[in-house]
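Descriptive structure summary
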Amino acid sequence: MRIFSGIQPTGRKHLGNYIGAIRQYVAGQDRGEAIYCIVDLHAITVAYEPAVLRESVYDTAAILLGAGLDPNRCIFFRQSDVVEHPELCWLLSSVTSYGELNRMTQFKEKAGAQRDLVSGGLFFYPVLQAADVLAYRADEVPVGEDQRQHVELMRDVAERFNARFGETLVVPEVRVPEVGARIMDLQQPDRKMSTTGGTPQGTVYVLDAPDQVARKIRSSVTDSGTEVVRAPDKAGISNLIDIIAAVRGTAPEEIEREFDGSGYGAFKQAVADAVIEYLAPVRERYTELRSDEAGLERTLAEGAEKARAIASDTLRDVREAMGVGSGHEVRSGQ
Ligand code: TYM
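Because the structure is a prediction, the values reported are computed rather than measured.

1. Focus on the overall build of the chain
- Secondary structure summary: the chain contains 13 helices and 5 strands in total.
- When the backbone C-alpha atoms are referred to their principal axes, the chain occupies close to 70 × 45 × 40 Å.
- Buried positions account for 51% of the 334 residues belonging to the chain.
- Counting only contacts in the chain whose residues sit at least 6 apart along the sequence, the fraction spanning at least 24 positions is 74%.
- Counting every atom, the chain has about 15200 Å² of accessible surface; 49% of that belongs to carbon and sulfur.
- Here the chain contributes 38 positively and 50 negatively charged side chains, and the mean placements of these two sets differ by 2 Å.

This is the structure we're talking about:
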């Protein structure tokens, strides 16, 4: 089984990314052939600084390697190093409808947040994401809940491609974790934890110092009750239950039993302790890995080479099926 996922480059990866996605990437290495990509071409669809972007790729690479991605057990690379992604994006645009793209909630959210320019790239973002996955004929896409709609779209695109041009692409399945698929902002627990849309105090970053983590969790917004149980009117406590359950690898019911009658103060302290312990090894390894930029670059370059070998095969078949090119070309890099 082949697994593929992508992640945006930023040094500000948060607990939502970690629990919803990164944890699954690490586990994926034991479950199949795992391929992970830092999507710098997606990052240019909103306002950004070129010099910062390149650094952010290294930050993200060091976080993921620190979290346990092993380049000997997965393919780990930078999206812009594999030109097949944008090429396939364009080819897939012929089987993607304008109406579908117009319905994407992430586009609407991000478009609303732009000050100067809503780029065409932001609108096209989900087609590039479809190309990321379909280029590898991946079976499974581990993501958090907020990416479910994008995976639905790529399934439709793959099915439409196969119906129009013949069986060429694999229709991938989404894989969303049972607990922690949508970690909420600690200050506004009705909104998801997010680098751009959340509150600074309500967002726990993977690289936060332990005392920052403790402060953010202890001052998280809860309700006027005392019971540690999940309920629709207890969004803050429900979120903390999900967080500690995911971090400890237990069921939320277990957590409710354990903290029955203990009150919010003691519960929040336990969540803070668990999260600090959980993130400590990543933070330590990050510092060491991040200081070796040449090493990170080498890892990404080697990953790109392996990725290109797979993606170029798919692109040859796609071009052939679509009647693009001569039909028996030798492509560069092959
Ligand atoms: P990105 O970089 O925003 O997020 C990376 C992963 O983190 C998950 N996530 C969350 N999970 C739980 N709770 C949250 N609050 C939370 N916030 C984020 C996301 O669901 C995601 O899995 N478009 C993608 C990147 C991408 C991609 C791909 C993903 C590009 N190509 C191909 C899969 C396959 C994104 O912006 O992720």
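2. Some words on the pairing of strand β2 (residues 33–38)
- Along β2, 5 of the 6 residues are buried, which leaves the element largely enclosed by surrounding structure.
- By the bridge criterion, 6 bridges tie strand β1 (residues 2–7) to β2 in an arrangement that is parallel. Of the residues in β2, the one forming a bridge with Ile-3 is Ala-34.
- Once the chain exits β1 it traverses helix α1 (residues 15–31) before rejoining the sheet at β2, and the crossover so formed is right-handed.
- The pairing of β2 with strand β3 (residues 74–78) spans 5 bridges and is parallel. Among the inter-strand pairings, Tyr-36 is bridged to a residue of β3, identified as Phe-76.

3. Some details on the domain arrangement of the chain
- Examined at the domain level, the chain breaks down into domain 1 (2–175 + 292–322) and domain 2 (210–288).
- One C-alpha centre belongs to domain 1, the other to domain 2, and the line joining them spans 31 Å.
- Taken together, the 10 residues of domain 1 in the interface contact 10 residues of domain 2.
- Together, the buried faces of domain 1 and domain 2 total about 890 Å²; carbon and sulfur atoms form 69% of this surface.
- It is Leu-15, Tyr-18 and Gly-66 in domain 1 that bury the most area against domain 2; as a group they hold 48% of the surface buried on that side.
- Connecting domain 1 to domain 2 are 0 salt bridges.
- Taken together, domain 1 and domain 2 are joined by 3 residue pairs in polar contact (both at pLDDT 80 or more).
- Mapped onto the side of domain 1 that touches domain 2, the elements with two or more residues apiece are α1 and α3 (50–67).
- Top element by residues in the side of domain 1 that touches domain 2 is α3. It accounts for 5 residues.

4. Some details on empty space enclosed by the protein
- In the structure shown here, the tally under the stated rule is 1 cavity of 30 Å³ or more.
- In this structure, the largest cavity encloses a volume near 40 Å³.
- What lines the largest cavity is Gln-106, Phe-107, Lys-110, Leu-122, Tyr-125, Pro-126 and His-150.
- Elements with a minimum of two residues in the lining of the largest cavity: α6 (105–113) and α7 (120–134).
- Of the residues in the lining of the largest cavity, the class split is 4 nonpolar, 2 polar and 1 charged.

5. Brief notes about the side chain of Thr-10
- Mapped onto the secondary structure, Thr-10 falls in the loop between β1 and α1.
- Within the local environment of Thr-10, its side chain forms a polar contact with the backbone nitrogen of Arg-12, the two atoms lying 2.8 Å apart.
- Those residues in contact with Thr-10 that lie beyond four places of it in its chain are Ser-56, Asp-59, Thr-60, Ile-63 and Thr-195.

6. Some remarks on the packing of aromatic side chains
- Summed over the entire model, instances satisfying the criterion amount to 9 aromatic pairs.
- Ring geometry for Tyr-98 and Phe-123: centres 5.4 Å apart, planes at 45°, overall tilted. Taken together, the positions of Tyr-98 in helix α5 (residues 98–102) and Phe-123 in helix α7 put the pair 25 residues apart, joining distant regions of the chain.
- Look at Tyr-98 and you get exposed, because its relative accessible area is 59%.
- Geometrically, the ring pair formed by Phe-107 and Phe-123 is edge-to-face, given 5.1 Å between the ring centres and 75° between the ring planes. Highlighted residues: Phe-107 in helix α6 and Phe-123 in helix α7, separated in sequence by 16 residues.
- Taking the relative accessible area as the measure of exposure, Phe-107 reaches 16% and is therefore buried.
- Put simply, the rings of Phe-4, Phe-77 and Tyr-136 pair up and form one aromatic cluster.

7. Considerations on the environment of Glu-258
- If you trace the backbone, Glu-258 turns up in helix α11 (residues 252–258).
- For the pair Glu-258 and Glu-305, spaced 47 residues apart in sequence, the C-alpha to C-alpha distance is 49 Å.
- Polar contacts involving the side chain of Glu-258 include one to the side chain of Arg-248, which spans 2.8 Å.

Rules used in this analysis
Residues numbered from 1 in each chain as written. Predicted model: local features only at pLDDT ≥ 70, side-chain atom pairs only at ≥ 80, totals over all residues. Heavy atoms only, no water. Helix = DSSP H or I, 4+ residues; strand = E, 2+ residues; numbered from the N terminus. Buried < 20%, exposed > 50% of the residue type's maximum accessible area, 1.4 Å probe, protein only. Contact = heavy atoms within 4.5 Å. Areas by Shrake-Rupley, 256 points an atom, 1.4 Å probe, with all protein chains shown as cover. Lys, Arg positive; Asp, Glu negative; His and termini not counted. Charge placed at Lys NZ, Arg CZ, Asp CG, Glu CD. Pairing = 2+ DSSP bridges. Right-handed = clockwise from strand over helix to strand, strands pointing away. Domains from an automatic or database assignment. Buried area = accessible area lost by both parts, 1.4 Å probe. Salt bridge = Lys/Arg side-chain N within 4 Å of Asp/Glu carboxyl O. Polar contact = N/O pair within 3.5 Å; in protein donor to acceptor, adjacent residues only side chain to side chain. 1 Å grid on protein atoms, 1.4 Å probe; cavity = no way out; pocket = protein on both sides within 12 Å on 5 of 7 lines; lining within 4 Å. Points joined across faces, edges and corners; volume = space filled by probe spheres on them. Nonpolar A, V, L, I, M, F, W, Y, C, P; charged D, E, K, R; others polar. Phe/Tyr/Trp six-rings, centres within 6.5 Å; stacked < 30°, edge-to-face > 60°.

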